Amino acid sequence: MASENFCQIPIPDNRKERCEQLRQKFLNKFGEEPAFFARAPGRVNLIGEHVDYCGYSVLPMAIEQDILMAVSPDDSGKLSFVNVDPNYDDFTGDVMQIRITKDDPQWYKYMLCGVLGVKENFCSLIVQGFKAVVSGTIPPSAGLSSSSALVCCAALAMLQANSWPMSKEKLCEICASCEHYIGTEGGGMDQAISLTASPGKAKHIEFNPLRTTDVQLPKNVAFVVSNSLAQMNKAATPYFNIRVVECRIAAQILAKSRPSLQWREIKRLGEVQSRLGFSLDAMLGLVESTLHKEPYSKAEVCKLLGISPEELAETSLSTNTRDVESFLLYQRATHVYSEAKRVLAFKSVCDSQPPDALEQLGRLMDESHASCRDMYECSHPDLDTLVELCKKNGAQGSRMTGAGWGGCAVSIVHSDRVDTLLAGVREQYYSASSDRAGKVASALFATVPGGGAAYYSV
Ligand code: GLA
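Residues numbered from 1 in each chain as written. Predicted model: local features only at pLDDT ≥ 70, side-chain atom pairs only at ≥ 80, totals over all residues. Heavy atoms only, no water.

A. Expanded view of the side chain of glutamate 185. With respect to the helices and strands, glutamate 185 occurs in the loop between α4 (168–178) and α5 (189–196). Exposure remark for glutamate 185: the relative accessible area of 18% places this residue in the buried category. A polar contact of 2.8 Å, which involves the side chain of glutamate 185, links it to the side chain of arginine 248. (Helix = DSSP H or I, 4+ residues; strand = E, 2+ residues; numbered from the N terminus. Buried < 20%, exposed > 50% of the residue type's maximum accessible area, 1.4 Å probe, protein only. Polar contact = N/O pair within 3.5 Å; in protein donor to acceptor, adjacent residues only side chain to side chain.)

B. Just the site of the ligand, in detail. In the neighbourhood of the ligand, 13 residues make up the surrounding shell, with Glu49, His50, Asp52, Gly187 and Asp190 lying closest. Within the side chain of glutamate 49, a nitrogen or oxygen atom sits 2.6 Å from an oxygen atom of the ligand. The contact in question runs from an oxygen atom of the ligand to an N or O atom on the backbone of glycine 187, over 2.9 Å. Coverage of the ligand by the protein amounts to 98% of the 300 Å² it exposes when considered alone. Applying the majority rule of atoms within 2 Å of the grid points places the ligand in the largest pocket. Tallied by class, the residues present in the shell around the ligand amount to four nonpolar, four polar and five charged. (Near = heavy atom within 4 Å. Areas by Shrake-Rupley, 256 points an atom, 1.4 Å probe, with all protein chains shown as cover. 1 Å grid on protein atoms, 1.4 Å probe; cavity = no way out; pocket = protein on both sides within 12 Å on 5 of 7 lines; lining within 4 Å. Sits in = over half its atoms within 2 Å of the grid points. Nonpolar A, V, L, I, M, F, W, Y, C, P; charged D, E, K, R; others polar.)

C. Representation of the sheet that holds strand β4 (residues 78–83) within the structure. Read across the open sheet, the seven strands follow the order β1-β15-β2-β3-β6-β4-β5; overall the sheet is mixed. Edge positions in the sheet fall to β1 (8–9) and β5 (91–94), since each of these pairs with one other strand and no more. Pairing analysis gives ten bridges linking strand β2 (residues 36–47) to strand β3 (residues 59–74), with the strands arranged antiparallel. Considered in β3, the bridge of arginine 39 is made with leucine 68. (Pairing = 2+ DSSP bridges.)

D. Representation of the layout of surface pockets within the structure. The calculated volume of the largest pocket comes to roughly 910 Å³. Lining the largest pocket we find 50 residues, and of these Pro140, Ser141, Ser145, Ser146 and Ser147 sit closest to its centre. Only α2 (107–121), β6 (129–136), α3 (146–161) and α5 provide two or more residues apiece to the lining of the largest pocket. If you go around the second largest pocket, you meet 21 residues; those closest to its centre are Gly186, Gly187, Gly188, Asn208 and Arg268. Counting residues per element, the ones that place at least two in the lining of the second largest pocket are α4 and α6 (239–256). Sort the elements by how many residues they give to the lining of the second largest pocket and α4 lands first, with four residues. Split into classes, the residues belonging to the lining of the second largest pocket amount to nine nonpolar, six polar and six charged. (Points joined across faces, edges and corners; volume = space filled by probe spheres on them.)

E. View of the pattern of salt bridges. Evaluation of the coordinates by the stated rule reveals 30 salt bridges. The salt bridge involving arginine 15 is made with aspartate 66; its shortest N-O contact spans 3.2 Å. Residue arginine 15 is found in the loop between β1 and α1 (16–30), and its partner aspartate 66 is found in strand β3; the two are separated by 51 residues along the sequence. Per residue, the accessibility class of arginine 15 equals that of aspartate 66, and both read buried. As a salt-bridge pair, aspartate 66 and arginine 18 come within 2.7 Å of each other at their nearest N and O atoms. One end of the pair, aspartate 66, is in strand β3; the other, arginine 18, is in helix α1, with 48 residues separating them in the sequence. For arginine 18, a relative accessible area of 18% translates into the label buried. A cluster of three or more residues bridged by salt bridges with shared partners is formed by Arg15, Arg18, Arg39, Glu64 and Asp66. (Salt bridge = Lys/Arg side-chain N within 4 Å of Asp/Glu carboxyl O.)

F. Inspection of helix α11 (residues 330–352) at higher detail. With 23 residues, α11 extends 33 Å between its outermost C-alpha atoms, agreeing within 8% with the 33 Å of an ideal straight helix rising 1.5 Å per residue. Here α11 lies mainly inside the structure; 17 of its 23 residues are buried. Just downstream of α11 lies glutamine 353, where phi reads positive at about 45°. (Expected span 1.5 Å × (residues − 1).)

G. Representation of the sheet that holds strand β14 (residues 444–447) within the structure. The strand order across the open sheet formed by four strands is β12-β13-β9-β14, and the pairing between neighbours is antiparallel. The open sheet has two edge strands with one neighbour each: β12 (397–400) and β14. Across this sheet, the average inter-strand angle for adjacent strands is 20°, counted without regard to direction. (Axes fitted to C-alpha atoms, helices over the stretch in contact; angles between N-to-C directions.)

This is the structure we're talking about:
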């Protein structure tokens, strides 16, 4: 993973028209030609939901839908962002005075995260800003990672505008941590797949340290993405961070129950496992014997850890979860350890490709959905209905993908049955409702693993 991987390539045929539109818009807006284009794709996570921030591996693939920007450096240090979608306001600011408030997750704030993350890594006194005209085809708040694609693409633009070199690995880490400036405490999956994807391959992504391995999906297998159209912006609600915090507290209480561990050093469920040297099954056993199914009150958590509510806020909570009074720990930890197992099982089926690979992968995806719905409680009734309909129409397995609480389902299907699946779901989920019918064209599609982020020369 070297920085040379991000050298400029000619614009591929399928993006020539969009790049030309961006070039025209850039010329109209700024009275000059762009110097280069930057692109970062969205992703669909095949399996491994809500485990990356607990230290566990995930298995996503990049999709065709992306963020594409026409860019030119600005030596006055100004940042000028224009979105081709008129629903999004223009932004101007100064690269030396970036402030990202956590109140209102506007589109340009994700760009500022990427710019700031990169800038903080170089102690340079001379910093170029840049002008950008931005086009996005990833549906927002749909679980396909439109926000991380914006962060990654802006980070790439900032690097290139300043001619700063950086390895892909480093950039993945920076993009994952700088997205926290917006307030959500995500893991590193979305940024890693957007920046490192290779066409035709899904990726097994491990963290701490980051490692990515190509995964060859079985030949007869296809994936269909369907958007429930229930929207969830994870930065606009506390749901996502509440799960992060529940996992952190579960890890700390599990650690506190073991005399060999210092619970204050523990932030993730994965750390408890690695320090104990247990298998994932043994961790599931530890959850059974240590945590109860009823909700934990804040007072009970404080008592178990032997600390005050103020200390709990310090060791375990985040700004938008300070007022949460009750935590489900058994359910969240059970989801995480069992989902971590499913990722490894999914990868091993792809590696060995047994005759019933499709059935096995489908079963793992179904189990993942059930666990997200029942144990992690991050699905949505519309998403559950959609998953059922996908199964009824020929999907071998189907599950919510991404953060959840709305957004998309991903289904695995035999390649011969893609059209039947698309037709059935179109009729039964989308045509059945006048609200949904008009949106089906961008909401329902078959997808293959796409390529990762790139620069295009003008
Ligand atoms: C969001 C986060 C990711 C991951 C998923 C859930 O997309 O950005 O890091 O946690 O949710 O799997």
